[in-house]
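Survey of secondary and tertiary structure
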Amino acid sequence: MTHATAIIRRLSGFFYLVLLLGGLGALLATGILFVVVSDLPRVPDPLNRIIETPPTEIFAATGERIMLIGGREAIPLNRISPFFIQAVIATEDHRFWEHHGVDKLRTLKALWVTLFEPGRIQGASTITQQLAKNLFFSFQRTFMRKFRELLVALQIEAHYNKEEILEAYLNQIPFGVGAHGIEQAARFFLGKPASELNLAEAALLAGLPKSPTRYNPYRHFERAKNRQKIVLSRMAAVGFITAQEAQNAFQAELRLPSRSAESRTGSYFLDVVLNILEERYGPEVVYHGGLKVMTTLDPRLQALAVESVQNGLAKLDQILGTSNQAEVEADSTEAHPQGALAAIQANSGAVNALVGGRDYSETEYNRATQNNRLPGSGFKPFVYYTAFEKLGLTPATVVADKKITVAVKGAADWTPRNFSRTYEGPMILKQAFMKSVNSVAAQLVERTGPEAVLETARRCGIESPLRPVYSVALGTSGVSPLEMASAFASFATGGIRHEPFFIHRVEDPLGRVLEEHIVGGRRTLDATVAFQVVDMMRGVIDDGTGAVVRRLGFNLPAAGKTGTTDDYRDAWFTGFTPNLSVAVWVGFDRGIGMRDKQGNGVTGGRGAAPIWADFMIKATDGEPPREFPVPADIRFERVNPISGSVAGVGTRQPMLVALRTGQATPKDLDYVTRAPDNAAEASEQPTNVPEKSSKIPKRSTIVEQDLSPDR
Amino acid sequence: MTDWFEPKNLNDWLRRVFALRPVLVALLVGCVIVLEMRFDWVERTLGAYLVTTNPARPQSGAIWEKGRQTLTAKKTLEKIVTDRQASQREARSAESFSQIAAGLSDGQGAMLSAENFRHLYLKLPREAAREVISAFELLEISAQGNWRRTYFEKSGSDLIVYLLDADNRVLRRIDVPAGGLLQLEREDSLTVEALEDLPNFKNRIYPAERFFEALVSLPEEIRRNVILNPETLLNPSGQIVQVGISDEAVSGYIELGFEFAIGGRRQVILVQGHEWAVWRLRSFLEERGAALHPIKQYLEDRTPR
C-alpha cells in the first residue's frame, strides 16, 4: 500500500467515523430531547407576562417613592435609548439579529476553549439563552441545565420575534441594587429615563449585568469605567460606532446623582420597614403582593443624617488615626469606628431618619436598632427623674461629690469613680448632672434602688434587657440608639410617651387600606418632674458636657445628655428639641477603646455630640426657636450652685433651677446625712467604671438639705 | 453484491472515493451542514416542535414560581382585606357599642366616621352616655373641628375608642369595658320574667313599699345615684310590687330590677344605679331586716370578723 492510499484510507475512515458519530449523536440527542422535553418548563404566553407581578412600593413621608420591590417597569423598545440597545447587543450577543437562539460558531469556539484549554471556561450564551436562564433556570452550571436552557431558547425564538425577545430581555435584566430592567437601572444610577441615555451612560450600564456588584459605579467607579471602555470598544469593533466616538464617550464626564455610597435612600430604615412588613404579612405578600407602604422617612433628614454621620466619622478617623489604617485595610469595616443615628419626631414617635452604620454597602448590620451598646452617662436622666419623683429631690438639692463605696450584698463593693478622677465636694444636683458626676448619680441610685431606675427607663420606652444593679446609674446595660432617641422623646413631650413607628399606612395594590398607624401617646412621666430633668438637660448643652453643640453653632432651645463608657468604647449624645429627638452613637464594632494619637479618650461630647450638632443645625435650618413648654406649677430660681440657696448679689456663677410648687431652696447650708437604706438589696457586682474598693468599705452618704415639705 | 475489499492501489482508491455513492453522501452531508449554518433549520424545527408541546409542559421554573407566589400573596391580601371590610361593614351597621365589640376579634379594629360615633353615642341612655364621655367634652372636641374619624379597637374583652384627627392623632381615648358596655346598654330593657326568675336578683328582693321607704330616707344625692333614670319607671302603666338588687356589680354599676304588676301579668324593668349608692341603700335595707329572703344571715356570714 502506497503512502497516498494510506492517507486516503485514513481520511475515508475518519469521514465515516464522523458520519457515524454524528448520526449516533443525532439519535442520542433526539432521545434525550424527548426525555427532556416532557420536563421542560412551559413558556408563558405572552412573554411579557414576566412583568405581571405587581411591585411593592415604599414611599417616604413626603410621598416620594424610595423603594420598589419585585415589580418590573417594563417599557417598549422605542423608549430605550438606541445606544443602550447597541451596547447590549455588541457586548452580549453581536449576532443576535442573525441567529435563531444559538450562536453556533461562538458555541463551538467556547466548547473548544472549555475542553482543550484547561482552566478556561468561555460562555457563548445568546441573549435569548440568557433570557431563558433568567426566566426559568437556576444559575447552577451543568451541561443538562445548559441543554434545557438551549431548548427553551429555541422555542422562544420560534414563537416570538427578535424585538419581543429583546424587549423582554432588557426589561428583566438585573443591574444589582434591586434594579431590574433598564428603566429602573437608568433611573437609579443616572437619575434619568432609559430613553435619555447617551452613549457614555449606555455603555456604563450595559457593562453592569456581567457582575452588578463588581461594576457598581457608586462603589467601584474605576472598575465601572474600565468595563465601560470594554463595552465601547466592542461597539466600535462591531461597527455600531467609530473608534473616535468610543474614545469621546469614554472621556465624557459621567454625572451620577449624589447618593453617597448608599445603595438606596434610607437603606437601614428600609431594612427595618421590610422586617416589620414581613413579620405582619409574610414574605410572599411583601415581595409579590404589590403593597403600597407609606413610611415615616423624611428623605431630607435622612440625607442629612447620612451626611452628618459620614462626615463625623471621617473626622473621627482623623482624630483616631484610622484614616491611613483604613487605606491599608480597605475592605475591613472593623478598621474604622462605626456610627449610628436615630431621629424621631418627639410628639408622634415617627422615625424620620435612621443611619445604622458608616456605609450600608459595606455593612448592613443596623447599629441604630440592633446594637445594644452601653449608654454610659446617657442613662442618668432616668436616674435623676427617679430621684426627683421617688425621693422628692430637686435640682437644687445639695449632694456631696466624693468618693463613695456601695456595699453590694453577695458581691464585692462598688466604688464608682468620676471621669475627672477628682471630687469637688458639695454641689447642687443640676450642677452634678451638667458635669455628669458619677459619684452623685451613684448616691442617687443607692437611695432609689436600681429597680426604680429601671422602671423609669421602661416607662420611657427602653425595652432592652436591663440588669437591676447599682451601676445601671452609669449606663451598664446595653441599649440601641433608636431606644435612646425614643426614650428621650418622652422628656421632650413633657412625659407623654409615643411608641416609635416606621409605617404610617399600608395599602393593597387596589388602594384598599390594610393598616394605618394611630398616633396615640400616653402619659408615663410626671410633666413637672420631667420638665425639671429637661431643664437640667438644657444645662448640659448650654454649659455642661455637651456645650460643644453650642460652640458648633446650634442655637435653638435643646436639651441632651452625653454618654461615654469605660475605656471610651462607646460615645453617645442624645438630645432633643421640642420637635425632634436624636440619638447618636459612635464606637468600634469590636468594642475597642477610642483614643486619639496622644492617648486621650474620645468622649460623647467629642465623638458623638459634633455629629448631633451638625445634623441638627441642618435639620432645623430656618425653624423659629421654640421653647419647651413650662408646666404651670414650675417656677425658676437662681441659686448658688454649691449651696443651693437663693443666689444673692455676690453669688458667683448662679444657676437657674426649675422647682415645683412646694419645693423650696435652702436658706443656708444645713446638711443632712443619711445612711442608705437599701444598699443591701443588690445582688450583682456592677461591671462599669470598675475600681478596686477601699479596704475599709465606707457607707455612702447623701448630703442634702431636706427641702420637700412632705418629707 | 460484491464483497468489500481493500483497494490495491491509488487509482482504485480514487475510483472508490469519487464513486457516485460517496460523493452523494459527502454532498448530502455538506448540504445539511451548509443549510443548517445558513438557515438554522435544526433550531427552527426543534423550536417549532417545542412550541407544539408547550401547553402540556409543567409550569416550573423561576418565573412560574414567582407567579405562584404572586397568586398566594393576592389570596392572602384578599383575605385580609375581606376580613377588614367585613368588620368595617359590621361596625358601620352596628346599632350599639356592644355590637361593634361583638363584631371584632381581639386586637382587630374598625375605622368609622365621627358621625358614626355620634350616632351610637346619642343612642346611649343619658347617664350611660355621660359615663362614656361627657356631652360637653364631645361638643368641645367637635367644635375644635379636628375630629374626623373614630377607631374602635377590641382589646381582650374591652373596647377602646380613639377619636382621631385627619393625621390619625388621638384627640381622646375612651376605654369601655365590654361588661360595662352591655350593662350600660341594657338599661330600659324590658323583660317578662318575675324577679325570682332572674338568678342575679334571687338573694335580694324587697317589697316595693319597703324599698321606696328606705330610698326616700336616704339623702337626695344618694337617691339620684341609686336610680339614674327614674323616668324609665314611669312609662309602664302597672304598679311596682317588688324590687330586686343584682348580686353583680359591673364597672361601678349595679342593676336594679323593678317588677311591675300590669293586669294579670308581671314585667321586670332593669335600670342601673351607681354601685356605691346602691350599696348604701342595700345596707340600709339589711339593717331594717326588710328583705323577703333571709339574706341577713348570709351577709353576716360574709362579714370578716
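Keep in mind that this is a model prediction, so the values were computed, not measured. For every chain, the first residue of the written sequence is number 1, and numbering continues from 1 onward in sequence order. Throughout, the order in which chains and ligands are written sets their labels, letters from A for the former and numbers from 1 for the latter. Selection of residues for local features in this predicted model requires a pLDDT of at least 70, selection of side-chain atom pairs for listing and counting requires 80 or more, and totals for whole chains, interfaces and linings are taken over all residues. Each side-chain value is worked out from all heavy atoms of the structure, with water and hydrogens disregarded.

Regarding helix H12 (residues 275-287) of chain B
Our working definition: Think of it this way: any DSSP run of H or I at least four residues long counts as a helix, any run of E at least two long counts as a strand, and we number them from the N terminus. The length a helix should cover is 1.5 Å for every residue beyond the first. Burial here depends on accessible area, computed with a 1.4 Å probe over protein chains only, as a share of the maximum for the residue type. Under 20% is buried, over 50% is exposed, and the range in between is partly exposed.
Between the first and last C-alpha of H12 of chain B there are 18 Å, a value that for 13 residues agrees with the 18 Å anticipated at 1.5 Å per step. Of all the residues in H12 of chain B, the buried ones are Ala277, Val278, Leu281, Arg282, Leu285 and Glu286 of chain B.

What about the sheet that holds strand E4 (residues 170-176) of chain B?
In any sheet, the strands associate via hydrogen bonds between backbone groups, in a parallel or an antiparallel arrangement. Residue and element names in this part refer to chain B. We count it as follows: Two strands make a pair as long as DSSP finds a minimum of two bridges between them. To get an axis, a line is fitted to the C-alpha atoms, and for a helix only the part in contact is used. The angle between two axes follows their N-to-C directions and goes from 0 to 180 degrees.
In spatial order, the strands read E1-E2-E3-E4; together these four strands make up an open sheet with antiparallel pairing. What marks the edges here is a single partner per strand, and that holds for strand E1 (109-113) and E4. With direction set aside, neighbouring strand axes in the sheet form an average angle of 20°. As paired elements, strand E2 (residues 149-155) and strand E3 (residues 158-164) share seven bridges and run antiparallel to each other. From the neighbouring strand, Phe152 faces E3, where its bridge partner is Val161.

Examining the pairing of E3 of chain B
Residue and element names in this part refer to chain B. Among the seven residues of E3, six are classified as buried, and the element is accordingly described as predominantly covered. Sheet topology places E3 next to E4; six bridges connect them, and they run antiparallel. Paired with Leu159 across the two strands is Val176, which belongs to E4. Connecting E3 to the next strand, E4, in antiparallel fashion are five residues, including Asn168 with a positive phi near 65°.

Overview of the environment of Pro7 of chain B
Residues and elements named next belong to chain B. Our working rule: Note on contacts: a residue pair qualifies if any of its non-hydrogen atoms lie within 4.5 Å across the two residues.
Within the secondary structure, Pro7 is located in the segment before helix H1 (10-17). Sequence separation of Pro7 and Ser105 is 98 residues, and the distance between their C-alpha atoms is 98 Å. Discounting chain neighbours no more than four positions away, the residues touching Pro7 are Asp12, Trp13 and Arg16.

Let's talk about the interface of chain A and chain B
This is how it is decided: Buried area adds together the accessible area that both of two parts lose upon being put together, with accessible area traced by a 1.4 Å probe. We define a salt bridge as a contact between a side-chain nitrogen of Lys or Arg and a carboxyl oxygen of Asp or Glu at a distance within 4 Å. Throughout this description, a polar contact denotes any pair of N or O atoms lying within 3.5 Å of each other; where both atoms belong to protein, one of them has to be capable of donating a hydrogen while the other can accept it, and for residues adjacent in sequence the pair is counted only when both atoms sit in side chains. Under the scheme applied, nonpolar residues are Ala, Val, Leu, Ile, Met, Phe, Trp, Tyr, Cys and Pro; charged residues are Asp, Glu, Lys and Arg; polar residues are all the others, including Gly.
The interface is formed by 58 residues belonging to chain A together with 53 residues belonging to chain B. Buried surface at the junction of chain A and chain B, summed over both partners, amounts to about 4,800 Å²; 64% is from carbon and sulfur atoms. It is Arg42, Lys104 and Ile518 of chain A that lose the most area in chain A upon contact with chain B, and together they represent 15% of the buried surface on that side. Joining chain A to chain B, the criterion identifies six salt bridges. Between Glu36 of chain B and Lys104 of chain A there is a salt bridge, with the nearest N and O atoms lying 3.1 Å from each other. Summed over the shared surface of chain A and chain B, the result is 26 residue pairs in polar contact (both at pLDDT 80 or more). It is helix H1 (residues 3-39) of chain A that contributes the most residues to the side of chain A that touches chain B, 13 residues altogether. Classifying every residue of the side of chain A that touches chain B by side-chain character gives 30 nonpolar, 16 polar and 12 charged.

A word on unusual backbone geometry
Even without being glycine, Gln653 of chain A reaches a positive phi, approximately 45°. With respect to the helices and strands, the residue Gln653 of chain A is situated in the loop between strand E15 (634-639) and strand E16 (655-660). The class for Gln653 of chain A is exposed, based on a relative accessible area of 70%. For Asn168 of chain B, which is not a glycine, the phi torsion comes out positive at approximately 65°. Look at Asn168 of chain B and you get buried, because its relative accessible area is 6%.

Details of the pairing of strand E9 (residues 265-274) of chain B
All names here are of chain B. Among the 10 residues that make up E9, eight are buried, leaving the element largely enclosed by the rest of the structure. Here 10 bridges tie strand E8 (residues 253-262) to E9, and the two strands are oriented antiparallel to one another. Note on E9: the bridge partner recorded for Phe258 is Ile269. Between E8 and E9, which pair antiparallel one after the other, the connecting turn spans two residues, and Gly263 there sits at a positive phi close to 65°.

What about the nonpolar core?
Residues and elements named next belong to chain A. The cut-off we apply is this: What we call a nonpolar core is a set of buried Ala, Val, Leu, Ile, Met, Phe, Trp, Tyr and Cys residues that are connected through their side-chain atoms within 4.5 Å.
Residues Ile58, Leu354, Phe382, Tyr384, Phe491, Phe502 and Phe576 are the most contacted members of the largest nonpolar core, which totals 100 residues. Aside from chain neighbours lying at most four places away, what touches Phe382 is Val453, Thr456, Ala457, Cys460, Ile462, Ala487, Phe488 and Phe491. Counting residues in each nonpolar core, the second largest holds 65 residues, with Ile182, Phe188, Ala203 and Ala206 among its members.

A look at the confidence of the model for chain B
Segments scoring low in pLDDT should not have their predicted coordinates read at a detailed level. All names here are of chain B. Threshold: pLDDT measures how confident the predictor is about each residue, on a scale from 0 to 100.
With 86% of its residues at a pLDDT of 70 or more, chain B shows a mean pLDDT of 81. Ignoring residues within four places in sequence, the model shows residues 290-305, a span with pLDDT below 50, making 23 contacts including any to other chains. For this predicted complex, the interface confidence comes out at an ipTM of 0.74, alongside a pTM of 0.75.

Considering the confidence of the model for chain A
Residue and element names in this part refer to chain A. Here chain A averages 85 in pLDDT, and 89% of its residues register 70 or above. Mean pLDDT in chain A bottoms out at strand E18 (residues 702-704), which sits at 35, and peaks at strand E3 (residues 292-295), which reaches 97. Note on residues 326-331: pLDDT is under 50 here. Beyond four places in sequence and across chains, it has three contacts. Per-residue pLDDT stays below 50 along residues 668-711; that stretch engages in 118 contacts with residues further than four places along the chain or on separate chains.

Examining the pattern of salt bridges
Any two side chains of opposite charge can pair if their charged atoms end up close together. Going through the model one piece at a time under the given rule, you end up with 47 salt bridges over all chains. In this structure, Arg148 of chain A engages Asp39 of chain A in a salt bridge whose closest nitrogen and oxygen atoms are separated by 3.5 Å. Of this pair, Arg148 of chain A sits in helix H5 (residues 143-159) while Asp39 of chain A sits in helix H1; the two residues are 109 residues apart in sequence, bridging distant segments of the chain. With relative accessibility at 17%, the residue Arg148 of chain A sits in the buried group. By sharing partners, the salt bridges in this structure join Lys104 of chain A together with Glu36, Asp40 and Glu43 of chain B into a single network.

What about the packing of helix H4 (residues 127-136) of chain A against H5 of chain A?
Residue and element names in this part refer to chain A. Rule in force here: Note that the term roughly parallel is reserved for angles under 35 degrees, roughly antiparallel for angles over 145, roughly perpendicular for angles of 65 to 115, and oblique for everything else. Two helices that cross are described as forming a left-handed crossing if the nearer one is turned anticlockwise from the farther one by less than a right angle, and a right-handed crossing if clockwise.
At their nearest, the axes of H4 and H5 sit 8 Å apart, and the two run at 110° to each other. For the element pair H4 / H5, the angle class is roughly perpendicular. Remark: the crossing between H4 and H5 carries right-handed chirality. Together, Thr128, Gln129, Ala132, Lys133 and Phe136 of H4 and Arg145, Glu149, Leu150, Val152, Ala153, Ile156 and Glu157 of H5 make up the contact between the two elements. Considered class by class, the residues forming the contact of H4 with H5 number six nonpolar, two polar and four charged.

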